[in-house]
Amino acid sequence: MLNIKNLVAHMISDKIDILTVDDLMDILEYPPNPDMGDVALPCFKLSRILKKSPVQIADELAAILPEDKYIERIEPVSGYLNFFVNRDIFIKETVEAILTKSKNYGSSNIGNGKNVVIDYSAPNIAKPFHIGHLRSTSIGNALYNIFEFTGYNCIGVNHLGDWGTQFGKLIVAYKKWGSKDRVEKYQITELMDLYVKYHEEAEKHPELDDEARAWFTKMEKGDKEALNLWQWFKDISLKEFSRIYELLDISFDSYAGESFYNDKMDAVIDELEEKELLTESEGAHIVDLEEYEMPPCLILKKDGSTLYATRDITAAIFRKNKYDFDKCIYVTGAAQSLHFRQWFKVIELMGYDWADKLVHVPFGTISIGGEKMATRKGKVILLEDVLNEAIDKTLSIIDEKNPDLENKESIAKQMGVGAIIFSDLSSNRIKDISFSWDEILNFDGETGPYVQYTHARACSVLSKADITNYHSFDPSLIDSRKEYNLVKSLALFPIKVVKAMEELEPSIITRYLVDLAQDFNRFYHNHSILNVDDVEIKKGRIALTFATKTTLENGLKLIGLKAPERV
RNA sequence: GUACCUGUAGCUCAGUUGGAUAGAGCGUUUGACUACGAAUCAAAAGGCCGCGGGUUCGAAUCCUGCCAGGUACACCA
């Protein structure tokens, strides 16, 4: 497909020897206003190299650049050299590429089949799935789709938090205050209550923590009673999680959680010992990182049990052996940044040259009314409540606006869930989010339902179209400002996909979809698509509508949303 | 205390990696459905881009010093 920047870069590079195509790709930019051109060369930087004024450079270049079928005209304007592409060719090539590639429009083979492990979601067993867990899940899932779309082979890992002292705490709480009946009856809610109760009591009686640690040590040593309880709690949690993943329509290639690495950690500890990285400090075994201006990385507690970092290091080595990844991506909260820097460094110190293939993808914290959510205090908003609330609201909107719609419940689910995911992915992942029911349940403006509605509207128009040979449209009849803006927007999709992949930033796709939907809606309101007499004009507009529908659908799928044809 | 992140319209956020007049949505005010779907569109109002200095043809963007908020910093994950 036509890449205007690249084309112009070649044109100029041919005329000015000292500038390479790559240099020019960096310098060239898109003018703020389409009236000023499609690509611009600011000549200020060249001024020093060429020892001429920017104005003079622009004028001279305009005179010597060769004619090109893709470039309609070139205009020097006060130090800028503005290029106007041949719109007919640009429109034709862009729209035809979309019609031809269809579901593959925007995809590429940059990854060349290389493996990428994506570690995301990773909820803690025995804790409810709250709104805070959504971020890792939605970002990770979107990255999975984006990497697949750019030619990588992804392995999605749900590194379940199914091991650690927290289970010791839960066992203590269960034995002191719980009952089999209550747990069976109330499932995860009861587990959460026990967990909260434990923390209340532990404030007053710190010796409970010793008991909890003791139970965890028992687990690590294979104690039957401890392990049976643990397995029971885990089964209850998994049942709950799978219900939520089903709602979100997200699945994983592996559920190898922390407990999976139990029997694999000894070897790694030995290895650390052999490589003389392990030192003893205050009774614990650590890797000293003072030289790298970081606190030490804790490997073993003084009672000999393992820690988070121990399991992460073990898991990374295991994954490298099993998947030979080109990248291993960890989608977790920004609060864990130091932890990742620490153990990434340990991997490097162990002499593994793939340490630089480990990537932490941090995201901001979600708070409610300015306060952080804390399972330990029972202060949480459950994700399932939010999803159900959104689905209910969607259903009532459908009942009001489109009561005859078929499969109402299914569509309401697709849009309600979509609204939540979309909202979660709409700003840069590093930004903190303040949860608000009003905002998350507002379906006007830059929202998932807006994009889905736009897609359904395009589908609706297409289903009423009475001609099918619109592939052979005449681009010169697509001549309005609104139409051209839409085509330019459509052409951006593949670029945005690559950018989202490189920057590990799904919000680039989310924002793009809003822009594209806006451009389509403006076009839609300004032009009749079907109610025009001229068949040739109609063909072009139908082609545009089809191209928009295709691109919206591809984009929505990347961020994990459905694209229903009727809403 | 140290390190990292954030600061742009009343609110939530973009800002093409240093370019031309800083853009969207929500909210507010106003206009457009007997119309290819009004979950839409159009218009108005709303800005010392946290503050000061520096770098240069040119800064929301880079450097630096402050200020404010968040987070992390040894046996939780």
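Before reading on, note that the structure itself is shown above.
This report concerns the structure included in the present document. (Residues numbered from 1 in each chain as written. Chains lettered and ligands numbered in written order. Predicted model: local features only at pLDDT ≥ 70, side-chain atom pairs only at ≥ 80, totals over all residues. Heavy atoms only, no water.)

Quick look at the sheet that holds strand β2 (residues 71–77)
Taken together, the 3 strands give an open sheet; going across it, the order is β1-β3-β2, and neighbouring strands pair in antiparallel fashion. At either margin of the open sheet sits one strand with a lone partner, and together these are β1 (39–42) and β2. When strand polarity is set aside, the average angle formed by the axes of neighbouring strands in this sheet is 15°. Pairing geometry for β1 and strand β3 (residues 80–85), over 4 bridges, is antiparallel. (Pairing = 2+ DSSP bridges. Helix = DSSP H or I, 4+ residues; strand = E, 2+ residues; numbered from the N terminus. Axes fitted to C-alpha atoms, helices over the stretch in contact; angles between N-to-C directions.)

Topic: the packing of helix α5 (residues 87–101) against helix α19 (residues 481–503)
The geometry of α5 relative to α19 is characterised by a closest axis approach of 10 Å and an angle of 50° between their N-to-C directions. The orientation of α5 relative to α19 falls into the category oblique. Crossing handedness for the pair α5 and α19: left-handed. Along the contact surface, α5 presents Arg87, Phe90, Ile91, Thr94 and Ile98, while α19 presents Tyr484, Val487, Lys488, Leu490 and Ala491. The residue inventory of the contact of α5 with α19, partitioned by class, reads 7 nonpolar, 1 polar and 2 charged. (Parallel < 35°, antiparallel > 145°, perpendicular 65-115°, else oblique. Left-handed = near helix turned anticlockwise from the far one by under 90°. Contact = heavy atoms within 4.5 Å. Nonpolar A, V, L, I, M, F, W, Y, C, P; charged D, E, K, R; others polar.)

Section: the protein's contact with RNA strand B
Around RNA strand B, the structure places 72 residues, and the nearest of them are Tyr80, Glu282, Lys301, Glu446 and Lys464. For RNA strand B, the fraction of atoms within 4 Å of the protein that belong to sugar or phosphate moieties is 62%. At 3.1 Å, a side-chain N or O of Glu29 approaches a sugar or linking oxygen of RNA strand B. Within the side chain of Glu446, a nitrogen or oxygen atom sits 2.5 Å from a sugar or linking oxygen of RNA strand B. If you list the elements that add at least two residues to the surface near RNA strand B, you get α3 (44–50), β3, α7 (165–177), β7 (284–287), α13 (308–323), α15 (383–401), α18 (448–464) and α20 (507–526). By residue number, the principal contributor to the surface near RNA strand B is α18, which donates 8 residues. Of the residues assigned to the surface near RNA strand B, the class counts are 30 nonpolar, 20 polar and 22 charged. (Near = heavy atom within 4 Å. Polar contact = N/O pair within 3.5 Å; in protein donor to acceptor, adjacent residues only side chain to side chain.)

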